[in-house]
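So the chains spell out like this:
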Amino acid sequence: MRSPKAASFPDALIRAQSRIAAQIETTLLPRQDDLTEAMHYALDGGKMLRGFLVLESAHLHDIEPETASPAALAIECLHAYSLIHDDLPCMDDDDLRRGKPTIHKKWSEALAVLAGDALQSLAFDLLCDPALAPATRQIALVRSLAKAAGHGGMVGGQWMDILAETRTAPYSLKQVTQLQQGKTGALLRWSATAGALMAQADPKPLDTYGAALGLAFQIADDILDVEGSAQSVGKAVGKDTAMGKATFVSLLGLDGAKARAAALVEEASDALGSYGTRADTLKDAARFVVNRDR
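Because the structure is a prediction, the values reported are computed rather than measured.

Calculation rules
- Residues numbered from 1 in each chain as written.
- Predicted model: local features only at pLDDT ≥ 70, side-chain atom pairs only at ≥ 80, totals over all residues.
- Heavy atoms only, no water.
- Helix = DSSP H or I, 4+ residues; strand = E, 2+ residues; numbered from the N terminus.
- Expected span 1.5 Å × (residues − 1).
- Buried < 20%, exposed > 50% of the residue type's maximum accessible area, 1.4 Å probe, protein only.
- Arc of directions from axis to C-beta.
- Contact = heavy atoms within 4.5 Å.
- Bend = angle between axes of the 7 residues up to and from the residue.
- Disulfide = S-S within 2.5 Å.
- Axes fitted to C-alpha atoms, helices over the stretch in contact; angles between N-to-C directions.
- Parallel < 35°, antiparallel > 145°, perpendicular 65-115°, else oblique.
- Left-handed = near helix turned anticlockwise from the far one by under 90°.
- Nonpolar A, V, L, I, M, F, W, Y, C, P; charged D, E, K, R; others polar.
- Salt bridge = Lys/Arg side-chain N within 4 Å of Asp/Glu carboxyl O.
- Polar contact = N/O pair within 3.5 Å; in protein donor to acceptor, adjacent residues only side chain to side chain.
- Patch = residues over 30% accessible without salt bridge, like charges linked within 9 Å, V, L, I, M, F, W, Y side chains within 5 Å.
- Areas by Shrake-Rupley, 256 points an atom, 1.4 Å probe, with all protein chains shown as cover.
- Core = buried A, V, L, I, M, F, W, Y, C linked by side-chain atoms within 4.5 Å.
- Phe/Tyr/Trp six-rings, centres within 6.5 Å; stacked < 30°, edge-to-face > 60°.
- Lys NZ or Arg CZ within 6 Å of the ring centre and 35° of its normal.

**Student:** I'm lost on helix α15 (residues 254-270) in this one. Help?
**Tutor:** Given 3.6 residues per turn, any residue in an α-helix points the same way as the ones three and four places further on. The end-to-end C-alpha distance of α15, which contains 17 residues, comes to 25 Å, matching closely the 24 Å that a straight helix rising 1.5 Å per residue would cover. When we look at burial in α15, the residues that qualify are Ala257, Ala261, Leu264, Val265, Ala268 and Ser269. Buried residues of α15 fall within an arc of 135 degrees about the axis and therefore sit on the same side. More than 90 degrees from the buried face of α15, the exposed residues found are Asp255 and Asp270. Against the buried residues of α15 lie α11 (204-227), α14 (248-252) and α16 (280-291).

**Student:** Before we go on, may I ask you to explain the side chain of Glu56 in this structure?
**Tutor:** Considering the arrangement of structural elements, one finds Glu56 in helix α3 (residues 49-60). Apart from the residues lying within four places of it in its own chain, the contact partners of Glu56 are Ala12, Arg278, Thr281 and Leu282.

**Student:** I tried to follow helix α10 (residues 185-199) on my own but got confused; where do I start?
**Tutor:** In this model α10 runs 22 Å from its N-terminal to its C-terminal C-alpha over 15 residues, within 8% of the 21 Å that 1.5 Å per residue would give. Helix geometry: α10 is bent most strongly at Thr193, by close to 45 degrees. Where burial is concerned, most of α10 is hidden: 13 out of the 15 residues are buried. Looking one or two residues beyond α10, the residue adopting positive phi is Gln200, at roughly 55 degrees.

**Student:** Is there a simple way to think about the state of the cysteines in this case?
**Tutor:** Throughout this description, disulfide means a covalent bond between two cysteine sulfur atoms. Counted by the stated rule, this structure contains 0 disulfides. Cys128 supplies the cysteine sulfur nearest to Cys77, a cysteine that is in no disulfide, at a spacing of 13 Å.

**Student:** What's the story with unusual backbone geometry in this structure? I'm lost.
**Tutor:** Comment: phi is negative for the bulk of residues other than glycine, and the bulk of peptide bonds are trans. The linkage connecting Ala133 with the following residue, Pro134, adopts the cis geometry, with an omega of 15 degrees. Here Pro134 lies in the loop between α6 (109-126) and α7 (135-149). At Asp62, a residue that is not glycine, the phi angle is positive and equals roughly 60 degrees. Residue placement: Asp62 occurs in the loop between α3 and α4 (65-86). A positive phi angle, near 55 degrees, is found at Arg98, a position not held by glycine.

**Student:** Would you mind showing me how to read the packing of α3 against α16 here?
**Tutor:** Any two packed helices are characterised by how steeply their axes cross, that is the angle between the axes, and by the distance between the axes. For the pair α3 and α16, the least separation of the axes is 10 Å and the interaxial angle reads 160 degrees. The orientation of α3 with respect to α16, classified from their angle, is roughly antiparallel. Of the two elements, α3 crosses α16, and the hand of that crossing is left-handed. Counted together, Leu49, Phe52, Leu53, Glu56 and Leu60 of α3 and Thr281, Leu282, Ala285 and Val289 of α16 form the full contact between these two elements. Class assignment for the residues of the contact of α3 with α16 results in 7 nonpolar, 1 polar and 1 charged.

**Student:** Mind showing me how you'd approach the pattern of salt bridges here?
**Tutor:** Two side chains with opposite charge may pair up if their charged atoms get near one another. In the structure shown here, the tally under the stated rule is 16 salt bridges. A salt bridge links Asp207 to Arg189, with the shortest nitrogen-to-oxygen separation between them at 2.7 Å. Taken together, the positions of Asp207 in helix α11 and Arg189 in helix α10 put the pair 18 residues apart, joining distant regions of the chain. Taking the relative accessible area as the measure of exposure, Asp207 reaches 24% and is therefore partly exposed. The structure contains a network of salt bridges with shared partners spanning Asp86, Asp87, Asp92, Arg97, Asp161, Glu165, Lys183 and Lys245.

**Student:** Explanation requested: the environment of His104 in the structure shown.
**Tutor:** The topology assignment puts His104 in helix α5 (residues 103-106). Sequence separation between His104 and Arg50 is 54 residues; the distance between their C-alpha atoms is 24 Å. Here Asp94 takes part through its backbone oxygen, which lies 3.4 Å from a polar atom of the side chain of His104.

**Student:** Would you mind going over a nonpolar patch on the surface with me for this structure?
**Tutor:** A cluster of nonpolar residues, Leu173, Leu251 and Leu252, forms a patch on the protein surface that exposes about 210 Å² of accessible area. On the basis of relative accessible area, Leu251 is assigned to the partly exposed category, the value being 35%.

**Student:** Help me understand the nonpolar core, please; the structure alone is not making it clear to me.
**Tutor:** Here is a general trend for soluble globular proteins: nonpolar side chains tend to be buried in one another's company. If you look at the biggest cluster of nonpolar residues, it comprises 87 residues, and the most contacted ones within it are Phe52, Leu119, Trp190, Met198 and Tyr209. Sorting elements by how many residues they give to this core places α4 first, with 11 residues. Here Trp190 is in contact with Val54, Ala71, Ile75, Leu127, Leu141, Ser144, Leu145, Ala148 and Leu197, once residues within four sequence places are set aside.

**Student:** I keep staring at the packing of aromatic side chains and nothing clicks. Help me out?
**Tutor:** Two descriptors summarise a pair of aromatic rings, namely the distance from one centre to the other and the angle between the planes of the rings. Using the criterion set out here, one finds 3 aromatic pairs in the structure. When the ring of Phe9 is compared with that of Phe52, the centres are 5.2 Å apart and the planes differ by 85 degrees; the resulting orientation is edge-to-face. Taken together, the residues span a long stretch of sequence, with Phe9 in helix α1 (residues 9-27) and Phe52 in helix α3 at a distance of 43 residues. Accessibility assignment for this pair places Phe9 and Phe52 in one class, buried. A ring pair is formed by Tyr41 and Trp107, whose centres lie 5.2 Å apart and whose planes are at 85 degrees; its orientation type is edge-to-face. In this pair, Tyr41 is assigned in helix α2 (residues 34-43) and Trp107 in the loop between α5 and α6, connecting sequence segments 66 residues apart. Residue class for Tyr41 comes out buried when judged on its relative accessible area of 14%. One aromatic cluster in this structure is built from Phe9, Phe52 and Phe288. Above the face of the Tyr41 ring, Lys100 is positioned so that its terminal group lies 3.9 Å from the ring centre. The cationic tip of Lys106 hangs over the ring face of Trp107; the distance from NZ or CZ to the ring centre is 5.4 Å.

Take a look at the structure:
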């Protein structure tokens, strides 16, 4: 019988990172050419917060980590693809990601596009892993991730972000919230609900948690863009301010943004009340999201 006591967040995150790293080595093709090397490179060095959320939400529903691991790696592959494409010159045009040269700077734009494409395809392949059988479970995961990643989620949010660069007036708070609920929030929200989907349980509490967590995460990013450094954050900072784009900080002020992030952490934690102390690790994860330095 599994203990109802939750693990500490740092320990749980380290375990999740180790498990996902092992899954990478057994799933991805060996580093045999630039394409496979770039795929490994893109997955290396991240916090793996989304994969952690998959594993932890699975744990809440008594699903073993061996079963949930393919889904945890799937979301990390999809997230890595989104970062590769986000960094391209035709989008955010960034030279640095996770403290390393972006893939198009280290290799080429063509390889960056293809490495991202390959990781996106691999994500959905992983959700068809036999460990995630029966088919009803696999279909629920595939369909929900496709929606979270597509025009109604991450890609749609990215497009709104690109459009912001040519607008004569900055977005309103409502529009910035909509943008970030897609670009950043959709994949975090999916990650939080994955365990419930695997268990065919009610995903609403974890969906509420994930929605609040996703916005808190982006507000923290906006704060880091003002208060952080490229060395600590691992990517360029201050770009949105320089371009005059609206952010939670520009619209709410620095103190207002911090207060909103703190309120979202409480909202996320309150959503987990039905899980009791077993959800303490997820509550700690929400606090980590707004207190991180990168």
